[in-house]
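Below, each chain spelled out in residue letters.
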Amino acid sequence: MCSYTVANTCSVVKRRTLRTVELAFAHRSLALGGRPRIMAIVNVTPDSFYDRGLTADPAAAVARGLEMVAAGADLLDIGGMTAQPGDPITAAAEIDRVVPVVREVRERIDVPIAVDTYRAEVAAAALAAGADLVNDHTGLSHPELAGAVAAAGAGLVVTHLGIAPKQEQDGRYAVPFEQVAATLSELADRARAAGVRRESIVVDPGLGFGKDTTTDLEAVRRLPELRALGYPVLLAPSHKEVTAEPLGLPEDALEGTAAVVAVAAYLGVDILRVHDLPFMAHVARMGSLLGAGGSARD
């Protein structure tokens, strides 16, 4: 196993390799290996860039989550506040949006549930309601988040973020891949120091958060090197600028997202966070089959 520093990188095989591991949560686990697991997005927000508030109502969000599992999702990611720039809602309002949906979905199905938040109090409330995993897209910006996750025995996604939460981007900038990898390794170390189990940590290079398209594309190409950090890798390319800008397409176009999903699956990414199911699940399955020759039934 190799660990990253900015000055010292690992030599890894570019082609994906099969491995089977268990991502451990307090009350269930998620088997990884063979094909990417599909994380479906459920936005309990009125200002989602994707669905423009179609699932802001809790009943609609629950229905959407059940529909996504039926369409092939292996886990759900439920969020109550958009990552788009602007004033954040209060933690109490975020809890009011997320917790009823988490609780209802947990009563209906047994797939792992993630809560998309960077706040410790929201994470704790959602985990108590039945969530298994906290998807923090802000690089542990809340100092108490990792501790709240550890106290619940839950999983944690740590993400490379180029800007502060909810901040308006003042341009997009290049980041050396080695710096992205080193930051993820450091975030995982911080999570472990706070008590999060190693087998419960996932790393995410953070496509679309402050970094330019060249940086984001490099992270996709070098996914095997991120896997060499020793943690499962999550990629969230769905309708990000990196999937649209190079093609001159709007961000709601599917072509670029599908291409990134296929390549990431070929290279062995562990989890893909996407909106469009079952379409993207099928794309990921084919990319995985081409990559390592896994079973079509995997």
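How each quantity is defined
Residues numbered from 1 in each chain as written. Predicted model: local features only at pLDDT ≥ 70, side-chain atom pairs only at ≥ 80, totals over all residues. Heavy atoms only, no water. Helix = DSSP H or I, 4+ residues; strand = E, 2+ residues; numbered from the N terminus. Buried < 20%, exposed > 50% of the residue type's maximum accessible area, 1.4 Å probe, protein only. Contact = heavy atoms within 4.5 Å. Areas by Shrake-Rupley, 256 points an atom, 1.4 Å probe, with all protein chains shown as cover. pLDDT = per-residue confidence, 0-100. 1 Å grid on protein atoms, 1.4 Å probe; cavity = no way out; pocket = protein on both sides within 12 Å on 5 of 7 lines; lining within 4 Å. Points joined across faces, edges and corners; volume = space filled by probe spheres on them. Nonpolar A, V, L, I, M, F, W, Y, C, P; charged D, E, K, R; others polar. Pairing = 2+ DSSP bridges. Axes fitted to C-alpha atoms, helices over the stretch in contact; angles between N-to-C directions. Phe/Tyr/Trp six-rings, centres within 6.5 Å; stacked < 30°, edge-to-face > 60°. Lys NZ or Arg CZ within 6 Å of the ring centre and 35° of its normal. Core = buried A, V, L, I, M, F, W, Y, C linked by side-chain atoms within 4.5 Å. Salt bridge = Lys/Arg side-chain N within 4 Å of Asp/Glu carboxyl O.

1. A short note on the overall build of the protein chain
When helices and strands are tallied, the protein chain shows 10 helices and 10 strands. Out of the 298 residues belonging to the protein chain, those deemed buried represent 56%. In the protein chain, of all internal contacts separated by at least 6 residues, the share reaching a separation of at least 24 is 68%. Accessible area for the protein chain stands at about 11,900 Å²; split by element, carbon and sulfur atoms hold 54% of it.

2. Things to note about the confidence of the model for the protein chain
Of the residues in the protein chain, 83% have a pLDDT of 70 or more, and the chain-wide mean is 87. Low pLDDT, under 50, characterises residues 1–18; the stretch is placed with 48 contacts to residues that sit more than four places away or in other chains.

3. Regarding the layout of surface pockets
There is about 190 Å³ of room inside the second largest pocket. Lining the second largest pocket are Leu217, Val220, Arg221, Val242, Thr243, Ala244, Pro246, Leu247, Gly256, Ala259, Val260 and Val263. Taken together, the elements giving at least two residues each to the lining of the second largest pocket come down to α6 (213–221), α8 (241–244) and α9 (255–267). Top contributing element to the lining of the second largest pocket by residue count: α9, with 4 residues. Its residues assigned to classes, the lining of the second largest pocket comprises 9 nonpolar, 2 polar and 1 charged.

4. Looking at the sheet that holds strand β7 (residues 155–159)
Reading across the sheet, the 8 strands line up as β8-β7-β6-β5-β4-β3-β10-β9 and stay open at both edges, with parallel pairing between neighbours. Every interior strand has two partners, whereas the edge strands, β8 (201–204) and β9 (234–235), have only one. As paired elements, β9 and strand β10 (residues 271–274) share 2 bridges and run parallel to each other. The residue of β10 that forms the bridge with Leu235 is Leu272. Most of the contacts of helix α2 (residues 91–108) go to strand β4 (residues 75–79), to which it runs at about 155°, and overall it touches β4 and β5 (113–116). Here helix α4 (residues 145–152) sits on the sheet in contact with β6 (133–135) and β7, set at roughly 155° to β7.

5. Focus on the packing of aromatic side chains
Taken as a whole, this structure holds 0 aromatic pairs when the rule is applied. Directly above the ring of Tyr231 sits Arg198, whose terminal nitrogen or CZ lies 4.5 Å from the centroid.

6. Focus on the nonpolar core
Counting residues in hydrophobic clusters, the biggest one holds 67 residues, and the most contacted among them are Leu76, Ile78, Leu156, Leu223, Leu235 and Leu272. Here this core gets 7 residues from one element, more than from any other, and that element is helix α5 (residues 177–193). Once residues within four sequence positions are removed from consideration, Leu156 is found in contact with Leu133, Val134, Asp136, Leu140, Leu145, Ala146, Val149, Ala191, Val196, Ser200, Ile201 and Val202. Ranked by size, the runner-up nonpolar core spans 13 residues in total, among them Leu75, Ala114, Leu133 and Ala236.

7. Some points on the pattern of salt bridges
In this structure the tally under the stated criterion is 14 salt bridges. A salt bridge links Arg119 to Glu94, with the nearest nitrogen and oxygen atoms 2.9 Å apart. Of this pair, Arg119 sits in the loop between β5 and α3 (120–128) while Glu94 sits in helix α2, placing them 25 residues apart in sequence. Of the two residues examined, Arg119 and Glu94, each falls in the buried class. A network of salt bridges, in which partner residues are shared, links Glu178, Glu218, Arg221, Arg222 and Glu225.

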